[in-house]
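Letter by letter, the chains look like this.
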Amino acid sequence: MGTRKSNHEGSIYKDKQGHWRALVSLPAVDGKYKRKYIYGKTRKEVSEKMNEVLSQLRTNSYIEPCKTTLYSYLCIWLETYCKNEVRMTTYINYKTYVHKHIKDTIGDYHLCDINNILIQQFYNDKAKNGKLNGSGGLSPKTMKNIHDMLHRALDKAVQLEMIPKNPSDFAVLPKRTKPEIRYFNIEEQKQLQEAIKGERLEMAVLLCLYTGIRQGELLGLPWKNVHIDLTGTSYIKITQALNRIRNPDANAPKRTLLQINPPKTKHSVRTIPLLPKIAEMLKDYKSEQAYIHLKNDLSDTDLVFTAPSGKAYDPRDFQRDFHNLLKRRGIRDIGVHGLRHSFATRSLQNRMSIKTLSAILGHNSCAFTMDVYCHIDSEITATEISCLNDMLD
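Fair warning: this is a prediction, and the values are worked out from it, not measured in the lab.

1. Concerning helix α2 (residues 70-82)
(1) Moving on: Its 13 residues give α2 an end-to-end C-alpha distance of only 15 Å, which falls more than 12% under 18 Å, the value for a rise of 1.5 Å per residue.
(2) Moving on: Of all the residues in α2, the buried ones are Leu 70, Tyr 71, Tyr 73, Leu 74, Trp 77, Leu 78 and Cys 82.
(3) Moving on: The inward-facing, buried residues of α2 abut α3 (88-102) and α5 (140-159).

Here it is, written out as structure tokens:
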């Protein structure tokens, strides 16, 4: 049997069964020391493992291998660190990723055994066969969301000294295909504005076309955030959004519910000026809405746009009603979000600066706005360079 050594040193010996093992003393929280045994098939293997541990102890970089599984850790992380830091919709999506995608795949691995190759294989498999209904792979956007969640959780594990480094740092995600930006051209927009006159959705559609707000922001807009001054500046303030989300209570009879939440990001909280004509129409619309609600004894939600019942306008119902309106009027269907793209397109065509447009749309950066609407930038560049034709005459 080898000679026992002092703390932060180790000893190698054979146990009673003839197996090689090493003994290292580790500092404990109470200031004392605890024993750590290291096993291997040969003396050389045990020696190498022991020396690695001793080296980490001397540089204060040693982390005791964690016996917690990835799934167990993620469940704790969701409730302890994540729940109060992200939007409810994000939290619910994260729960789905953990319980439906990670639990039965890499969830049983110990946290300390998770490495980059394992995560990359997990991503590759999900990209090919990740859909829960078995119909194919997850979209690049969903893959990025899963990666963002996993990376965030593992970063916290590093901070908690449960693992030495984040194994998802160098994972490669599928390339995202840039989605087609659908918007109305000028003639289509004129056609739409003529077709919606007198329609119940007229004011909602016009507000989207001339402010670029998102659907959730539109349906969650309260009258208290609408400032109308027909002799001065009128504006709306975006501070909340109405969305249909998964019910966080898995035992509830309804799988989804309507909920008003803060906007997507801090940049989404913003003030948007109103054109005088839009402000005037909003003033008239408010009076008409108040009359209808009073006449029909409807509940007052203080929301600018409500369902015929006076209650909050379910986004799914709004999308359906908008689709039916376009179909009835013979207008190309570009979806509700296409109204936002139409606003951005008209704004750029009329020389609004990228910085101003980005602020109005509530984007995180001007670079993101330029990337989304680069097709318009190309059109403007082509138009402007055409003026050089005069110099060739």
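2. Focus: the nonpolar core
(1) Moving on: Judged by nonpolar contacts, the single largest core of 49 residues is most densely connected at Leu 192, Leu 207, Leu 218 and Leu 282.
(2) Moving on: The element contributing the most residues to this core is helix α7 (residues 202-211), with seven residues.
(3) Moving on: Those residues in contact with Leu 282, other than ones at most four positions away along the chain, are Met 203, Leu 207, Trp 223, Val 226, Ile 228, Leu 274 and Val 304.

3. Notes on the sheet that holds strand β2 (residues 20-27)
(1) Moving on: Read across the open sheet, the three strands follow the order β1-β2-β3; overall the sheet is antiparallel. Looking at the sheet topology across the chains shown, the edges are occupied by β1 (10-14) and β3 (33-40). Each neighbouring strand pair of the sheet contributes to a mean axis angle of 25°, computed without reference to strand direction.
(2) Moving on: Each of β1, β2 and β3 touches helix α1 (residues 43-58); the most contacted strand, β2, lies at about 10° to it.

4. Topic: the environment of Gln 349
(1) Moving on: By the element assignment, Gln 349 lies in helix α11 (residues 337-349).
(2) Moving on: Exposure remark for Gln 349: the relative accessible area of 26% places this residue in the partly exposed category.
(3) Moving on: As a C-alpha pair, Gln 349 and Tyr 373 span 24 residues in sequence and 11 Å in three-dimensional space.

5. Some remarks on the packing of aromatic side chains
(1) Moving on: Applying the stated criterion across every chain yields a total of six aromatic pairs.
(2) Moving on: Between the aromatic rings of Tyr 313 and Phe 318, the centroid separation amounts to 5.3 Å while the plane-to-plane angle is 90°, which identifies the pairing as edge-to-face.
(3) Moving on: When its relative accessible area of 1% is taken as the criterion, Phe 318 is described as buried.
(4) Moving on: Taken together, the ring pairs connect Trp 77, Tyr 94 and Tyr 97 into an aromatic cluster.

6. Considerations on the packing of α7 against α11
(1) Moving on: α11 packs onto α7 with a crossing angle of 40° between their chain directions and a minimal axis gap of 6 Å. The angle between the axes of α7 and α11 places the two elements in the oblique class. Of the residues in α11, those touching α7 at Val 205, Cys 208, Leu 209, Tyr 210 and Thr 211 are Leu 339, Ser 342 and Phe 343.
(2) Moving on: Class assignment of the residues belonging to the contact of α7 with α11 gives a composition of six nonpolar, two polar and no charged.

7. Regarding the pattern of salt bridges
(1) Moving on: The full count for this structure, using the stated rule, is 15 salt bridges.
(2) Moving on: Residue Asp 148 pairs with Lys 144 through a salt bridge whose shortest N-O separation is 2.9 Å. Taken as a pair, Asp 148 and Lys 144 lie in helix α5 at a separation of four residues, close to a single helical turn.
(3) Moving on: Overall, the relative accessible area of 30% leaves Asp 148 in the partly exposed class.

About the thresholds
- Within any chain, residue numbers begin from 1 and follow the written order of that chain's sequence.
- Only residues with pLDDT of at least 70 are given local features in this predicted model, and only at 80 or more are side-chain atom pairs given and counted; all residues enter the totals for whole chains, interfaces and linings.
- Values shown for side chains rest on all heavy atoms present in the structure; no hydrogens or waters enter the calculation.
- Starting at the N terminus, helices and strands are each numbered in turn, a helix being any DSSP run of H or I of at least four residues and a strand any DSSP run of E of at least two.
- By this rule the span expected of a helix is its residue count minus one, scaled by 1.5 Å.
- Relative accessibility decides the category of a residue: with a 1.4 Å probe and only protein chains considered, values under 20% of the type maximum give buried, values over 50% give exposed, and everything between is partly exposed.
- Contacts between residues were defined by any pair of non-hydrogen atoms, one from each residue, lying within 4.5 Å.
- The nonpolar core is taken to be a set of buried Ala, Val, Leu, Ile, Met, Phe, Trp, Tyr and Cys residues, with the residues joined through side-chain atoms within 4.5 Å.
- Paired strands, as defined in this entry, are two strands with at least two bridges between them according to DSSP.
- Axis definition: a line fit to C-alpha positions, over the contact stretch in the case of helices; interaxial angles, taken between N-to-C directions, run 0 to 180 degrees.
- Each pair of aromatic rings taken from Phe, Tyr and Trp, with Trp reduced to its six-membered ring, is defined by centres within 6.5 Å and is described as stacked if the planes are under 30 degrees apart, edge-to-face if over 60, and tilted in the remaining cases.
- Oblique is the label for any angle not under 35 degrees, not over 145, and not in the 65 to 115 range, which are roughly parallel, roughly antiparallel and roughly perpendicular in turn.
- Three residue categories are used. Nonpolar comprises Ala, Val, Leu, Ile, Met, Phe, Trp, Tyr, Cys and Pro, charged comprises Asp, Glu, Lys and Arg, and polar comprises the others, including Gly.
- Each reported salt bridge corresponds to a side-chain nitrogen of Lys or Arg within 4 Å of a carboxyl oxygen of Asp or Glu.

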